[in-house]
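Report on the structure
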Amino acid sequence: MIKGRNFIDGQWREAASLLPTINPSDLDETVGEYAVSSVADAEEALAAARRALPGWRSYNTQARADLLRKVGDALYARAEEIGTLLSREEGKTLKEGIGEATRAAQVFHFYAGEVVRHPGQWYPSLRDGHNVIISYEPVGVISAITPWNFPIAIPAWKVAAALAYGNTVVLKPSEFTPGCAIILAEMLEQAGLPKGAFNLVLGDGRALGQTLIDGADAVSFTGATPTGRKILQMAAPTMTKVQLELGGKNPFIVLDDADLDVAVAAAAQGTWGQTGQRCTGSERIIVTKGIHDAFVEKLVKAVAGLKVGHALDADTDIGPVANKPQFDKNMTFIEKAKSDGAELAAGGVAVEARTRGYFLAPTLFLNTHNEMALNREEVFGPVAGVIKVEDFDEAIAVAKDCELALSSGIATTNLKHAERYRRESNAGLVMVNTPTAGVDYHVPFGGRAPSGYGGREQGTASAEFFTEIKTAYINHGVL
Ligand code: NAD
């Protein structure tokens, strides 16, 4: 069992109390016991990050790149171990867990390169004898607050980017899945990061939020939209820079001209992959009337073939729901959809497995419409509704008739339709003939408000948030 301590100013520290995590595949197994940090712990971590800032921002460039590369190497080397821990604590299948750990390794390698690749700019000035130099400086101390659904990838893409651009960090991972963040802290320590440049505080964000905002120069948050709104409000008095990656209610459109197999595969993966617990997962499947019956018949067959079970079992396609609050939330949506008149075509019930866990059959509702709660609020589980529409125009209107705008997808073999959708979609991500979830590490990731706020993550786009622009004039004519 993991004993989770805080990592502050280069030291592992006990906290006054501990909080256990339970394996969602096996409720009889405690995975770890983790520090519940106090406000004083968070303040110490922020103070350590502030002290470390001058040293880290002027750290030798090659040495900084080497250090991040070493962490990437360690993540690759331990991907199976991390993936297994992740599956035990979060519930995604072992394949998904190892995939996520590998992604974290790739992210560190990418940002190792970004340390030396990130450019500035030079302009000729309109004033004789002057140059203008644009440089991108670290923002300062970053508080990174992360959710339970990607316990290694999301901490990795915040921490690696923040450090690469010369910031110091306090990471507060989800209280449901902190295990992987502890391994990440160990790796940063072993790679030789100067003390205080990275700090880990564990526990419930509600108790630490204001401190983590007030003591930082910027907060990078990933989580639910209501939490994001609170953070934005809490940051207003200090004007702390805020980046929010929030919820999705992502539409996947299937047009009459779609390749049926491609459409079914993309819809099934997008909806039920990782137990539907991806912010970019498909939750609204919008289907034009000509293909509707054939598509639905095939999709129902596909979902029936998915095996729900213990995350570490080799034949499991879909692991458990990650925790009890999320399981209960899914069931509430299912009951509401039924009472609103949606037709249950698959799932909708808890499933028995060899162990006691939060197993939920992948769920599909038919004959839903966009006014139902099922189609308006983020479920964040293996639950989706099919909405039948007349034509492409109505499909686009329904897709956009939603407050959230993170990802969106379409299945079509018509290039004109694909291009029109790419242009007209209001989402931050548009996926054509491929699932709504799943973006490479080197391209911008994120949605439009209220699914996202304050600059994209990943790739070189993350420099926008993790750096501050300085415009400098140099009058060399005086020389
Ligand atoms: P959550 O908002 O409940 O918690 C996220 C983190 O915020 C946790 O570490 C939590 O302790 C902390 N927190 C909670 N209240 C806080 C407060 N008042 N101040 C500061 N921190 C606080 O979200 P969750 O349930 O862990 O994650 C699921 C949500 O995350 C879903 O809505 C999902 O769509 C979203 N998500 C978004 C993305 C994205 O990139 N857009 C990626 C993954 C998950």
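Source: prediction; values computed, not measured.

Axis separation between helix α2 (residues 61–77) and helix α6 (residues 179–191) bottoms out at 9 Å; the angle between their running directions is 135°. The orientation of α2 relative to α6 falls into the category oblique. Handedness of the crossing formed by α2 with α6: right-handed. Touching L67, K70, V71, A74 and L75 of α2 are L184, M187, L188 and A191, all from α6. When its residues are assigned to classes, the contact of α2 with α6 shows 8 nonpolar, no polar and 1 charged.

Among the structural elements, G72 can be located in helix α2. The buried category is assigned to G72, whose relative accessible area is 0%. When residues no more than four places from it in sequence are discounted, the contact partners of G72 are A105, F108 and H109.

Let's shift gears to α2. The end-to-end C-alpha distance of α2, which contains 17 residues, comes to 24 Å, matching closely the 24 Å that a straight helix rising 1.5 Å per residue would cover. Residues of α2 that are buried in the fold lie against α1 (39–57), α3 (79–90), α4 (94–117), α5 (153–164) and α6. You can read the cap of α2 off the contacts: a side-chain oxygen lies 3.0 Å from the backbone nitrogen of Q62, and it is on N60.

Taken domain by domain, the protein comprises domain 1 (2–246 + 450–474) and domain 2 (250–432). Once you take the C-alpha centre of each, domain 1 and domain 2 turn out to be 31 Å apart. With 25 residues of domain 1 at the interface, the matching set in domain 2 holds 29 residues. Looking at the side of domain 1 facing domain 2, the largest losses of area belong to S25, L27 and W148, adding up to 24% of the total buried there. If you look at where domain 1 meets domain 2, you find 2 salt bridges. Counting across the domain 1 and domain 2 interface gives 12 residue pairs in polar contact (both at pLDDT 80 or more). Elements with a minimum of two residues in the side of domain 1 that touches domain 2: β5 (26–36), α3, α4 and α8 (225–235).

Bringing the nonpolar core into the picture now. Core analysis: the biggest nonpolar cluster contains 70 residues, and L75, F108, Y111, L188, F198 and L200 have the highest contact counts within it. For this core, the leading source of residues is α5, giving 10 residues. Two domains share this core, each providing at least three of its residues, namely domain 1 (2–246 + 450–474) and domain 2 (250–432). Counting residues in hydrophobic clusters, the runner-up holds 25 residues, among them A267, L299, V308 and I318.

So, about the packing of α3 against α6. Put simply, α3 and α6 touch, their axes get as near as 9 Å, and they point 155° apart. By the criterion of interaxial angle, the relationship of α3 to α6 is roughly antiparallel. Contact residues: E81, I82, L85, L86 and E89 in α3; G179, C180, I183 and M187 in α6.

Together, W122, I133 and I474 make up a nonpolar patch on the protein surface, roughly 290 Å² of accessible area in all. Positionally, I133 belongs in strand β7 (residues 130–138). Look at I133 and you get partly exposed, because its relative accessible area is 32%.

Through backbone hydrogen bonds, the strands of a sheet pair up, either in parallel or in antiparallel fashion. The 7 strands are arranged β15-β16-β17-β14-β13-β18-β19 in an open sheet whose pairing can be described as mixed. For this open sheet the edge positions go to β15 (343–346) and β19 (429–432), each flanked by a neighbour on one side alone. Geometrically, the sheet is characterised by an average inter-axis angle of 25° between neighbouring strands, direction not taken into account.

Moving on: the packing of aromatic side chains. All chains considered together, the criterion is met by 9 aromatic pairs. Taking the centre distance of 4.7 Å and the plane angle of 40° together, the rings of F7 and W12 count as tilted. Judged by relative accessible area, which is 5%, F7 ranks as buried. Plain terms: the ring middles of Y111 and Y165 are 6.2 Å apart, the flat faces sit at 80° to each other, and that makes the pair edge-to-face. Here Y111, found in helix α4, pairs with Y165, found in the loop between α5 and β9 (168–172); they are 54 residues apart in sequence, far enough to count as distant. Judged on exposure class, the residue Y111 and its partner Y165 are both buried. Three or more aromatic residues link up through ring pairs in this structure, and these residues are F110, Y111, Y165 and Y441. The ring of W56 has R64 lying over it, and the distance from NZ or CZ to the ring centre is 5.3 Å. The ring of F465 is capped by K241, whose NZ or CZ atom sits 5.3 Å from the centre of that ring.

What counts and what doesn't
- Residues numbered from 1 in each chain as written.
- Predicted model: local features only at pLDDT ≥ 70, side-chain atom pairs only at ≥ 80, totals over all residues.
- Heavy atoms only, no water.
- Axes fitted to C-alpha atoms, helices over the stretch in contact; angles between N-to-C directions.
- Helix = DSSP H or I, 4+ residues; strand = E, 2+ residues; numbered from the N terminus.
- Parallel < 35°, antiparallel > 145°, perpendicular 65-115°, else oblique.
- Left-handed = near helix turned anticlockwise from the far one by under 90°.
- Contact = heavy atoms within 4.5 Å.
- Nonpolar A, V, L, I, M, F, W, Y, C, P; charged D, E, K, R; others polar.
- Buried < 20%, exposed > 50% of the residue type's maximum accessible area, 1.4 Å probe, protein only.
- Expected span 1.5 Å × (residues − 1).
- Polar contact = N/O pair within 3.5 Å; in protein donor to acceptor, adjacent residues only side chain to side chain.
- Domains from an automatic or database assignment.
- Buried area = accessible area lost by both parts, 1.4 Å probe.
- Salt bridge = Lys/Arg side-chain N within 4 Å of Asp/Glu carboxyl O.
- Core = buried A, V, L, I, M, F, W, Y, C linked by side-chain atoms within 4.5 Å.
- Patch = residues over 30% accessible without salt bridge, like charges linked within 9 Å, V, L, I, M, F, W, Y side chains within 5 Å.
- Areas by Shrake-Rupley, 256 points an atom, 1.4 Å probe, with all protein chains shown as cover.
- Pairing = 2+ DSSP bridges.
- Phe/Tyr/Trp six-rings, centres within 6.5 Å; stacked < 30°, edge-to-face > 60°.
- Lys NZ or Arg CZ within 6 Å of the ring centre and 35° of its normal.

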